[in-house]
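Residue strings, one per chain:
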Amino acid sequence: MKSKKSDLGKIQFVHCAMPNMALSEADTRYTISERIELPFPIAVMVDSERLAKYLSTTSRNIPFVSSNSIYLNGNPVRLKSSHIVEVGDGLEAGKAIRVDSYAIPSIKFDFFSNFDTYIKQLRIAMFLTNSRNISELKKANIYKVR
């Protein structure tokens with residue numbers, strides 16, 4: 001699992017003028033493997049595996065990532081083909097998921113206090129693209145800007 005940066009600023013969603021859903025209907029559950037589902041598709045990056053494990057026990061249902069592992073609720077999550085993509089906000093998280101179906105968007109620990117804001121931003125991106133769940137977001141229309 002490698003951390004990878006990408007240029008998500010050159011990608012924009014094609015917004016739906018009249019979404020068929022309410023913002024609260026956006027389902028953020030993110031299946032990353034056959035048997036593993038994250039409640040949110042955004043992980044928090046930390047400096048060590050030990051810290052990732054500890055924080056995942058104190059902040060339930062939030063995935064924490066170190067350079068080698070991802071932890072959820074105190075348990076390591078083994079990933080085969082997924083990789084971590086650093087994002088700056090919830091909209092970039094949505095773009096990362098849309099562009100790369102194996103991406104696990106992550107934010108730096110410094111921004112952990114804004115985690116709820118990032119989830120809200122992701123839900124807004126889902127609402128504006130009329131994506132009721134992450135699977136639909138992966139198919140949302142996009143275009144690239146120069």
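Above this text is the structure in question.
Here the structure is a predicted model, which means the values were calculated and not measured. (Residues numbered from 1 in each chain as written. Predicted model: local features only at pLDDT ≥ 70, side-chain atom pairs only at ≥ 80, totals over all residues. Heavy atoms only, no water.)

Caption draft 1: Broad picture of the side chain of Ser 59. Note on placement: Ser 59 falls in the loop between helix H1 (49-58) and strand E6 (64-65). Classification of Ser 59 as buried rests on a relative accessible area of 15%. Apart from residues lying up to four places away in sequence, Ser 59 is in contact with Phe 64 and Phe 112. (Helix = DSSP H or I, 4+ residues; strand = E, 2+ residues; numbered from the N terminus. Buried < 20%, exposed > 50% of the residue type's maximum accessible area, 1.4 Å probe, protein only. Contact = heavy atoms within 4.5 Å.)

Caption draft 2: Representation of the packing of helix H2 (residues 90-99) against helix H3 (residues 115-128). Their axes nearest at 7 Å, the elements H2 and H3 cross at an angle of 55 degrees. Between H2 and H3, the crossing angle belongs to the class labelled oblique. With respect to the hand of their crossing, H2 and H3 are arranged in right-handed fashion. Packed against H2, whose contacting residues are Gly 90, Leu 91, Ala 93 and Gly 94, the element H3 presents Tyr 118, Gln 121, Leu 122 and Ala 125 at the interface. Among the residues making up the contact of H2 with H3, the classes are represented as five nonpolar, three polar and no charged. (Axes fitted to C-alpha atoms, helices over the stretch in contact; angles between N-to-C directions. Parallel < 35°, antiparallel > 145°, perpendicular 65-115°, else oblique. Left-handed = near helix turned anticlockwise from the far one by under 90°. Nonpolar A, V, L, I, M, F, W, Y, C, P; charged D, E, K, R; others polar.)

Caption draft 3: Local environment of H1. For H1, the full list of buried residues reads Ala 52, Leu 55 and Ser 56. One side of H1 carries all its buried residues, which in axial view fall inside an arc of 105 degrees. The exposed set on the far side of H1, more than 90 degrees from its buried face, consists of Arg 50 and Tyr 54. For H1, the secondary structure elements touched by its buried residues are E6, strand E7 (70-72) and strand E8 (75-77). (Arc of directions from axis to C-beta.)

Keep in mind that these numbers describe shape and distance, not what the molecule does.
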